[in-house]
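Structural overview
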Amino acid sequence: MPPYARPPSQVTAASQKTGHRFIRRLIGDPLSITLILVIVLALLGIGLIGAELYVRKRVGDAVAAAVECEVKDTATVSLGPTPFLWQHLTGHYTGISIHTAGNQIRGGKGMKADITVNDVDLHGNAKSKGTIGALDATVAWTSDGIKETVGDAVPVVGGLIDSIKTDPSADTIRLSGPLGLGSITLKPRSTGGKLGLEVVKINAMGAPLPRESVQMALDVFTSRLTKAYPLGVRADSVYVTDDGVLGHFSARNAAIPASKCLAHI
């Protein structure tokens, strides 16, 4: 060993003494302790924020995918201000807001839904993925969307329609052909929890026509549109506005089925 080199044992001992002195000095300095605590808390905070954002993204994407599958339109999801990481760990969620793009809801063109979901419990079983305590939805149906939808549902009538006018005072919608050649007046209704369109009257060249044939076609269409609402959703009310139709839908204490669309959750 060269005469100028310390034995390994002395080097180790010196290093340990230096380390001990540093630790004692650090512990004896309140400012250093505070700084360490601040750094540790900052790192923990960054980790929690990262986890919160990750969980929000994953859950938001899953809920949006389930809604898009049901309504056949794109959707955005907001999970509210409540810390979501804890909700995710417990399997209980609340304050979820969902907004569809307004292109359609199933076969109903020009329909847009704004949905609020509360008290979701994802502790499911073999028959259910969990329960939803409360779901409330406001559905707006534009005049142009109604015109397109009726045209698709009753092609014979749809080919004669070129304008639509709503009458909130009478709670009716009037679809008219060019030059007054014909018109059909509809009344939106909510019966047995289902959305429907009642034919009030039909005119062709100023003469009234039987309502039954058009009513039957509309009933077939609306039954397909509202068939098997997910989660037992019911139409509570519907009324005509200046811009179209507005309806309120809801569900309470609904089981979440393991269906194709809700399998995304």
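Residues numbered from 1 in each chain as written. Predicted model: local features only at pLDDT ≥ 70, side-chain atom pairs only at ≥ 80, totals over all residues. Heavy atoms only, no water.

1. Some thoughts on the overall build of the chain
Helix and strand content of the chain: six helices and 14 strands. Within the span of the chain, comprising 265 residues, buried residues form 35% of the whole. For the chain, contacts bridging at least 24 residues in sequence account for 52% of all contacts bridging at least 6. (Helix = DSSP H or I, 4+ residues; strand = E, 2+ residues; numbered from the N terminus. Buried < 20%, exposed > 50% of the residue type's maximum accessible area, 1.4 Å probe, protein only. Contact = heavy atoms within 4.5 Å.)

2. A word on the pairing of strand S11 (residues 194-204)
Pairing between strand S10 (residues 182-191) and S11: 10 bridges, direction antiparallel. Note on S11: the bridge partner recorded for serine 183 is asparagine 203. Linkage of S10 to S11, two consecutive antiparallel strands, is achieved through a turn of two residues, within which glycine 192 is found at a positive phi near 60°. Relative to strand S12 (residues 207-209), S11 runs antiparallel, the two being bridged by three bridges. Bridged to alanine 204 within S12 is alanine 207. (Pairing = 2+ DSSP bridges.)

3. Some points on the sheet that holds strand S8 (residues 163-167)
The five strands are arranged S8-S9-S10-S11-S12 in an open sheet whose pairing can be described as antiparallel. Lying at the two open borders of the sheet, with one neighbouring strand each, are S8 and S12. Strand-to-strand twist across the sheet, computed as the mean angle between neighbouring axes with direction ignored, equals 25°. In the sheet, strand S9 (residues 172-176) pairs with S10 via four bridges, with the strands oriented antiparallel. Residue pairing for S10: arginine 174 is matched across the bridge by threonine 185. (Axes fitted to C-alpha atoms, helices over the stretch in contact; angles between N-to-C directions.)

4. Some points on unusual backbone geometry
Excluding glycine, residues mostly carry a negative phi; peptide bonds, for their part, are mostly trans. Phi is positive for aspartate 171, close to 60°, though the residue is something other than glycine. Note that aspartate 171 resides in the loop between S8 and S9.

5. Observations concerning the confidence of the model for the chain
Keep in mind that low pLDDT regions are not for reading the predicted coordinates in detail. Overall, the prediction assigns the chain a mean pLDDT of 81, with 82% of residues at 70 or greater. Model confidence for the chain, summarised as mean pLDDT per element, is weakest for helix H1 (residues 8-27) at 54 and strongest for strand S3 (residues 96-100) at 96. (pLDDT = per-residue confidence, 0-100.)

6. Section: helix H6 (residues 212-226)
For H6, spanning 15 residues, the distance from its first C-alpha to its last is 21 Å, which sits close to the expected 21 Å at 1.5 Å a residue. Of the residues making up H6, those classed as buried are Val214, Gln215, Leu218, Phe221, Thr222, Leu225 and Thr226. One side of H6 holds all its buried residues, which, seen down the axis, span an arc of 130°. Away from the buried face of H6 by more than 90 degrees, exposed residues Glu212, Ser213, Met216 and Arg224 are located. (Expected span 1.5 Å × (residues − 1). Arc of directions from axis to C-beta.)

7. A word on the nonpolar core
Within the largest apolar cluster, 54 residues are counted, with the highest numbers of intra-cluster contacts made by Ile98, Val117, Leu135, Leu186, Leu218, Leu231 and Phe249. At six residues, helix H2 (residues 30-71) tops the list of elements feeding residues into this core. Apart from residues lying up to four places away in sequence, leucine 135 is in contact with Ile115, Thr116, Val117, Leu231, Val233, Phe249, Ser250, Ala251 and Arg252. (Core = buried A, V, L, I, M, F, W, Y, C linked by side-chain atoms within 4.5 Å.)

8. As for the pattern of salt bridges
A complete count under the given rule lists seven salt bridges for this structure. The salt bridge partner of aspartate 114 is lysine 112, with a shortest N-O separation of 3.9 Å. (Salt bridge = Lys/Arg side-chain N within 4 Å of Asp/Glu carboxyl O.)

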